[in-house]
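Examining the three-dimensional arrangement
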Number of protein chains: 2
Amino acid sequence: MGKRADALELAILGLLHDAPLHGYELRKRVNSLLGWGRAFSYGTLYPTLKAMVRQGYLAEDEPVDTLVTTGPHRSGRRARIAYRLTPEGKERFADLLAHTGPSAWDDEHFGVHFAFFGRADADTRMRILIGRRSRLQEKLDQFRSALSRTRERLDAYTLELQRHGLESVEREVKWLDDLISAEQRSIGRPMGATPTPGSGEPPAPSTGIEGENGR
Amino acid sequence: MGKRADALELAILGLLHDAPLHGYELRKRVNSLLGWGRAFSYGTLYPTLKAMVRQGYLAEDEPVDTLVTTGPHRSGRRARIAYRLTPEGKERFADLLAHTGPSAWDDEHFGVHFAFFGRADADTRMRILIGRRSRLQEKLDQFRSALSRTRERLDAYTLELQRHGLESVEREVKWLDDLISAEQRSIGRPMGATPTPGSGEPPAPSTGIEGENGR
DNA sequence: TTCTGATGTATCGGTTCGATACATCGAGCT
DNA sequence: AGCTCGATGTATCGAACCGATACATCAGAA
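Let us look at the structure shown here. (Residues numbered from 1 in each chain as written. Chains lettered and ligands numbered in written order. Predicted model: local features only at pLDDT ≥ 70, side-chain atom pairs only at ≥ 80, totals over all residues. Heavy atoms only, no water.)

Topic: helix H5 (residues 107-115) of chain B
Inclusion rule: Summary of the burial criterion: residues with accessible area below 20% of their type's maximum are buried, those above 50% are exposed, and those between are partly exposed, where the area comes from a 1.4 Å probe applied to protein chains only. Numbering goes from the N terminus for both helices and strands, where a helix is a DSSP run of H or I of at least four residues and a strand is a run of E of at least two.
Burial runs high along H5 of chain B: seven of the nine residues are buried. Every buried residue of H5 of chain B is listed here: His 109, Phe 110, Gly 111, Val 112, His 113, Phe 114 and Ala 115 of chain B.

Quick look at the structure:
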């Protein structure tokens, strides 16, 4: 399974964790959850779903009619296959969340992992944030060296494009820095010695994530 | 030829417009020119190059030794195939620059087109900028409606991810707005009636492109 | 009624990626 | 000198992935 499909697998597991969904709805949610990047197509979604069923992470429910039993003609509705998470699937989800190789912080994967931070523990969150930050730092260095190498030899538009790209990455690093310090603040929180790190729900990051939110 | 490869074709034509290059160098430049997005692999580059040679847009030079004739052992150097633009290639380049379908402003293509704005005429520049802006506006609307639809039902991290994505697109729109007004300013420029729009180099947008550049 | 657009499942052809093989070179280490 | 190591360089292949499409139901508009 390729890198991109790995991200899709995690997204599916996470979205199905709360409630079963069928393919169409699932696709919409995945793609709005990760609104930034490129959308997954059905040609990727359905094969992935089938593979996950085969592996035992998902099960197919086929509700003849769930909610629309009220109408006058509630006859043989088109089969809407709802996918439901199996216990193995929940295990798999927890596994993918915690056991994060260094792949969790490249462009394709970071968004999905971040979206489910609420279900990961503080250590994992921190590791991924740090990893992502250093990845961006590399990209920043490449940008800067490319800019200084070719400075004055670029026409105005190309230069502006570079400048804009650089600025985008810089903003992203700043965003991560804010997130990281917010995490650190919520770790060092006193109030009850050692908040039972083995229990079910992690503390949930208090009210908000960020300290500042000026626009 | 797929959408992605179209962008690659334009990038190759543009980069080879000034000087011939070989594959390795070409790939580096393409990927740093468009540092923002995903990189092209050799598995895409070489087939594309061959296709372009077949179509007559490129020609292959094979310099036995160009610069390194100085060394003591200047024997049979490994063949470095330098690709050179043919007259048909230059035509093709101009064609792709000006004849822009509505595909020029999606994520994959916009960057390349923008990078070569210096060689396009003012009308083309404006059309692409406007098109890109309205595309982003659509994306913005999707984001906003998705946010308002699911507001309060999202956990803090997912919400933060959405917020950050939205903000990124907003900044991009603002960037485009600045570019657009800069273009308009440089069109309405007085100083010598009609600066000979048919001649070789378009006016080059004065000193910089942007008005402001605070930070 | 019929038409259109949203919902819904599913697959196929072709494009693109990631890994890899192979080869030369300069630089540093011992 | 020998040796490794990393950068440069061309090239290809299997696997992954996308975009388009087919097909079907249903709500609401015309």
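A look at the packing of aromatic side chains
Quick note on the threshold: Each pair of aromatic rings taken from Phe, Tyr and Trp, with Trp reduced to its six-membered ring, is defined by centres within 6.5 Å and is described as stacked if the planes are under 30 degrees apart, edge-to-face if over 60, and tilted in the remaining cases.
Here the structure, examined in full by the defined rule, presents 14 aromatic pairs over all chains. A ring pair is formed by Phe 93 of chain A and Phe 116 of chain A, whose centres lie 5.7 Å apart and whose planes are at 85 degrees; its orientation type is edge-to-face. Of this pair, Phe 93 of chain A sits in helix H4 (residues 87-98) while Phe 116 of chain A sits in the loop between helix H5 (107-115) and helix H6 (122-150); the two residues are 23 residues apart in sequence, bridging distant segments of the chain. Each member of the pair, Phe 93 of chain A as well as Phe 116 of chain A, is classed as buried. One aromatic cluster is present, formed by Phe 110, Phe 114, Phe 117 and Trp 175 of chain A together with Tyr 157 of chain B through successive ring pairs.

Digging into the protein's contact with DNA strand C
Counted only if it meets this: Near is defined per residue: the residue qualifies when any heavy atom it owns lies within 4 Å of the molecule or strand. Polar contacts, as counted here, are pairs of nitrogen or oxygen atoms within 3.5 Å of one another; within protein the pair requires one atom able to donate a hydrogen and one able to accept it, and residues that are adjacent in sequence qualify only if both atoms are side-chain atoms.
Taken together, 24 residues sit near DNA strand C, with Tyr 24 and Arg 80 of chain A together with Arg 4, Ala 5 and Thr 44 of chain B positioned nearest. What you see for DNA strand C is that sugar and phosphate hold 70% of its atoms within 4 Å of the protein. Within the contact set of DNA strand C, a phosphate oxygen lies 3.2 Å away from a side-chain nitrogen or oxygen of His 22 of chain A. Within the contact set of DNA strand C, a phosphate oxygen lies 2.7 Å away from a side-chain nitrogen or oxygen of Arg 4 of chain B.

Purely geometric stuff here, so don't read any function into it on its own.
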